Each structure stands twice: as structure tokens, then as C-alpha cells.
Amino acid sequence: MLLLRHCRGLTRVGLLKTQRVQLLQGAALPVAVCAGSLCARWGSSHGGHKSGQYQRSHGPNWRHALAGLLAGTGAVLAYGLHHSQTEQAATTIVQPIAPASSLPIYTQDEVTKHRSVEEGVWVTYKGSVYDITEFVSMHPGGDKILLAAGGALEPFWALYAVHSQDHVLEILSEYKVGELSAEDRLMQQSVKSTDPYSTDPERHPALRINSLKPFNAEPPPEILSDNYITPSAIFFKRNHLPVPQVDPKSYRLQVEGVPGGVSLSLSLEELKTHFPKHTVTATLQCAGNRRSEMNKVKQVKGLNWGIAAISNATWSGARLKDVLLAAGYRSEAVSEEGDVLLAYQMNGEDLPADHGYPVRVVVPGTVGARNVKWLGKIIVSEEESSSHWQQNDYKGFSPATDWDTVDFKSAPAIQELPIQSAITQPVEGAVVERSAEEVTVKGYAWSGGGREVVRVDVSLDGGRTWQVAQLQSSEKGQVPAPSPPPGRAWAWKLWELTAPLPPVVQELEIVCKAVDNSYNMQPDSVAPIWNLRGVLSNAWHRVKVTVKEDEEKQKLLSTPVVFGTCDK
């Protein structure tokens, strides 16, 4: 299997038992941590403290819950890059904490001595000292947490908003071993820390923000289908971290692991000039697109995406197969029809920073998570990547699976996505004038794996009756694009239906469903496909709109009619 990684040599850190700091009797307090339906509690009833030794018991369910709570935090490795590149600084304000009489006082020098698993891993946070040695092996990001060893957590926690949530602070409190000296607390207050997001690019104001830091946003549905090719500025943004600033002059793409081949180190210029330029129009969709509809059934974990975490663009760059062949990969092992790109252009221009400048992978037909941005290394391997995103996220499960019972090893990673469609116009809650006599419905449809959308059905009455929409595979006014070769329908189809307004009704429930050339169809409701991560949400999309009667007709309808008898 070919693995595409954006990493710099990750290692595993095993759990090592280290000598715990002796605390005075009475230091242990019960702490509750809740994740979804899981709630674990520690205190005197779970190990408590004996002979002045603070002890804890962490069961396997606690570890699974923690993985869910902190999914994504492992990417703090990128902080090192940003720390060296970010110029703007912001003051880290540390609130003085009155030291508890039962806890030891430590100087910053003493904390700094604990910077490895062997010596213990200590950190400070808001004037308190924590020994997190036992937590290192359970951290979803593995040993990247060691970047903070011996120092303050604040600049690292600024990378990911989940750290400011109460449940994370409760977890941290379990590892508290002392207080920082008053002198060092005062010194921390004057320390300058860079904001890793200060160099993020400007974004279009129309985008609807799901998360500011890191930045995740989608365009309003009503403008998503205005263009067959989504303008880069409103193409949905999906980031786990600050956007890196990569110097194109010093950029190198490493290619390793080719059996019997050679390792390559390519500059951006070499990638552009040594390999033929290839262009593909392909739709990218986040695994969590339409997650908000699953949240209405039952709360899930993840960004509350609407229907617009999907966009379509033209991508240009070198074919991955050409680069692999240059590294000595066997020609019979790669498909002649392979369209995987090492893209350096989007919609005819250099990749925007939000979309992976200077080089990203575009793997048409697969989930957005596999289209790695800011590509630094390609490794050819027979084994699947061991990264958190490949092993412990972006997987689908039964509605019966919860955070108590989930086993991420039991499910394959999401690759190709299922058939999808959604209504972009009119939007939920819109008003349609009865005088218009008809309603126009627009939307998009797409299927993963190169399967072509062949039909979109639209209903105005909640699914009782159906009409077939008109499909669009190019910009309006342009010559329709020819049908793609079988298995290579990488781009979405926009669709449109104009239909007479049904008489009498005051509300329309508009529904759409798509069909691809393998006759895959969307399920009719969300509940049967609900899953704890809220991924693969592709049920029939439903929008309710109000039909507004003409004022004169409304008066007529509202005028009371009196029935009676008359004398003869």
C-alpha cells in the first residue's frame, strides 16, 4: 500500500512507571471526567492514597474516552515550525495561584530537570506543577507532548481549542504534584509567547465558521452551487492546526521506501519542470459533511458541519505515478489511469495557503482526510500508516456503538465516500411567494470512488411523489463536459429542478436523493446511519419552506362565510 504522510519521523513512547512525588496525606481529591455516555471517577474509592503516595487507577474505558476527548491534539508537532516562523507575539497571562499548604513548592529550574520519560515529564500550567509522565503514552499525539516538557503548557495548548474545555482541565488536575514558586510565577507573567495563528491567511467574510482556531469553515449553501468550479476563496476550509508558512525556495519533497529504487528529494521547481503537468477536476468532501443532521438525532463528537463541507476545483501538478516511476517503482505496479496528483495549482493559480501551499496530494474519489496538505514526504509501504488519523479516527461504526464500546481497530479507515446529494436553494426556512406559481430547487450530487451520478430525484411533498432534476457537469453557458471514463467521475454534478407549486399547501418539505452508476442510493433517514463520530452522513436531504399566499387571496381566505336561512 502506498502511504502519503506529512510527518517528520514519529516514534512511540511506551508507558514507563516512574517514581511518583510524595504528597502529604489529604492531597488527593476526587475528579470526574465525562465523555459522551462514559463517566469515570477517581478518588478515595479508586485507589485513593496510601502512606502519602498518590495513586490512580486508569481503566481501559477511561483510555478510550480520553482518545475521543482529545482527538486531534497529537498534531502539536507543528508548533515547532510555527514558533520559528511567527513574528507577532502575545502576552501569556498566568494568574497567580495561592499555593496549597499540602503541596510542595518547586522552582522553574527543578521543573526543567524533568524533560524525559526516564527523568519524569513535568509541565506547568497557570502556576501549578504537573507530573504527566504516565499520561505521555496515552496522549493521542504520542511523544509530541514532550515538546512542552519542563516548561509551560500555555503556548502549546494555544494550538488546539479543545484544551480550554473543562474536561481537559479536570484530566490535567489528576496529575498535579505541586505549585510553582512565587518568584517563578511572576517571571512567567512577563514571558512573551507567539500566537501560532497570527500568520494564518485572511479568509472570505462569507464563510460560516465552525472553529476559529484552528480555522474550519464552509460557504453558505445558497452560494455553493452558484459555480460548478468552486472559487478558492469560498472552498471549504479544514484545518487541524495553524496554517504553515513554507518557503518555496527551500521546500523539498522526499520520496522514500521504493523497493529496489532510490530515494528522491525534489524541489518545487524540479517537481514543476521534471514531470508533465496534469490537470484533474475533482470534488473534495470532509468525512463530517452534514454532521449537524446526526447531531439532531443524538449528539456526536466533531465540528458541526452543515451541507457545505464539500467543494469542487481543478487541480494541477505532477502525477504521483510519474514521480514514483522516477524513483524506480515498477511500472507494472501502477495504473495507467492513475489520477493521484502532487498538486501545486488550484483553479489555475498557486495553491492557497489554506489548501496546502506549496504542494498537496489530491486523491480523487476519496475522503478529504487522505488529500494531505503541505506535503513533505511520501513513503511507499506495505503497511497502513500508524497515525492517529488513519487508525483512531475517520471510521464508521454501528449506531449501537458508543464511546464505552468503540474499538477503532475493528473498522477500516474511510477511503471512498458514499453517494451524496444536498439542497442548496432554497434554504431551510425560506419563503416562496404563491404568486411565483413555481419553485426552483438547486443542489449538488457526488459519489466517491469515481462513480458517476446518473440521476437526482426531487420531491416537494416529503417523498410521496418525485420528479427528476436536470444535471449540470460544467459551468452554465459552457459546452457540457463529455462523460468521464468509467470509474473516473471525480467531480460533482450540480442539479436544478423548476416545478409548479402544489395547490393549497402552506409548507413544502423538499427532499433530494441521488443515484450513481452502480445504482447506489442514499438512505431515507439519518437514524439508521448515525455513528458516534458523525461521519458518512448521506441520508436524503430535507428542507422545509413556507408558501406565502398573495395578500388579496389571503384576505379572501380569512373572510368568514356566514350560512343561514331566509324567509320565503
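Computed from a predicted model, the values in this text were never measured in an experiment. (Residues numbered from 1 in each chain as written. Predicted model: local features only at pLDDT ≥ 70, side-chain atom pairs only at ≥ 80, totals over all residues. Heavy atoms only, no water.)

### Structural notes on the overall build of the protein chain
Item 1. Across its full length, the protein chain holds 12 helices and 32 strands.
Item 2. Burial status across the protein chain gives 51% buried among its 568 residues.
Item 3. Considering only residue pairs separated by 6 or more positions, the protein chain has 74% of its internal contacts joining residues 24 or more positions apart.
Item 4. Summing over all exposed atoms, the protein chain offers an accessible surface of approximately 26,800 Å²; the carbon and sulfur share of this is 53%. (Helix = DSSP H or I, 4+ residues; strand = E, 2+ residues; numbered from the N terminus. Buried < 20%, exposed > 50% of the residue type's maximum accessible area, 1.4 Å probe, protein only. Contact = heavy atoms within 4.5 Å. Areas by Shrake-Rupley, 256 points an atom, 1.4 Å probe, with all protein chains shown as cover.)

### Description of helix 6 (residues 182–189)
Item 1. Buried within helix 6 are the following residues: Asp 184, Arg 185 and Gln 188. Across the axial projection of helix 6, the buried residues extend over an arc of 105 degrees, all falling on one side. Facing away from the buried side of helix 6, by more than 90 degrees, are the exposed residues Glu 183 and Leu 186.
Item 2. Its buried side turned inward, helix 6 meets helix 3 (108–112), strand 9 (120–125) and strand 11 (176–180). (Arc of directions from axis to C-beta.)

### Some points on the pattern of salt bridges
Item 1. Summed over all chains, the structure comprises 19 salt bridges.
Item 2. Its salt-bridge partner being Glu 179, residue Lys 176 comes within 2.9 Å of it at the nearest N-O pair.
Item 3. Exposure remark for Glu 179: the relative accessible area of 1% places this residue in the buried category.
Item 4. The shortest N-O distance in the salt bridge between Arg 290 and Glu 293 comes to 2.7 Å. (Salt bridge = Lys/Arg side-chain N within 4 Å of Asp/Glu carboxyl O.)

### So, the pairing of strand 9
Item 1. Of all 6 residues that make up strand 9, 6 are buried, and the element is covered over most of its length.
Item 2. Along strand 9, one buried face is formed by Gly 120, Trp 122 and Thr 124 and the opposite face, lined by Val 121, Val 123 and Tyr 125, is buried too.
Item 3. Bridging between strand 8 (residues 115–116) and strand 9 involves 2 bridges; their strand directions are antiparallel. Directly across from Arg 115, in strand 9, lies its bridge partner Val 121.
Item 4. Hairpin connection between strand 8 and strand 9: a loop of 3 residues separates the two successive antiparallel strands.
Item 5. In the sheet, strand 9 pairs with strand 10 (residues 128–131) via 4 bridges, with the strands oriented antiparallel. (Pairing = 2+ DSSP bridges.)

### Some remarks on the sheet that holds strand 11
Item 1. Ordered in space as 7-11-10-9-8, the 5 strands form an open sheet in which the pairing is mixed. Two strands lie at the open edges of the sheet, namely strand 7 (105–106) and strand 8, each paired on one side alone.
Item 2. With 2 bridges connecting them, strand 7 and strand 11 associate as parallel partners. Each residue of the ladder has a partner; that of Tyr 106, found in strand 11, is Leu 180.

### Brief notes about the sheet that holds strand 31 (residues 507–516)
Item 1. Taken in spatial order, the 5 strands make up an open sheet running 25-32-31-27-28, and their pairing is mixed. Where the open sheet ends on each side, the last strands, each with one partner, are strand 25 (431–433) and strand 28 (467–468).

### Here's the deal with the packing of aromatic side chains
Item 1. In the structure shown here, the tally under the stated rule is 10 aromatic pairs.
Item 2. Between Phe 235 and Phe 236, the ring centres sit 5.6 Å apart and the planes meet at 15 degrees, which makes this aromatic pair stacked. Each member of the pair, Phe 235 as well as Phe 236, is classed as buried.
Item 3. Here the aromatic residues Phe 235, Phe 236, Trp 305 and Trp 315 are joined through ring pairs into a cluster of three or more.
Item 4. Positioned above the aromatic ring of Phe 215 is the side chain of Arg 203, whose terminal nitrogen or guanidinium carbon lies 4.0 Å from the ring centre.
Item 5. Of note, Lys 513 hangs over the ring of Trp 466, and the distance from its end group to the ring centre comes to 4.7 Å. (Phe/Tyr/Trp six-rings, centres within 6.5 Å; stacked < 30°, edge-to-face > 60°. Lys NZ or Arg CZ within 6 Å of the ring centre and 35° of its normal.)

### As for the environment of Glu 174
Item 1. Here Glu 174 lies in the loop between helix 5 (166–173) and strand 11.
Item 2. Considering only alpha carbons, one finds Glu 174 and Tyr 130, 44 residues apart in sequence, at a separation of 8.5 Å.

Geometry only, nothing functional implied.
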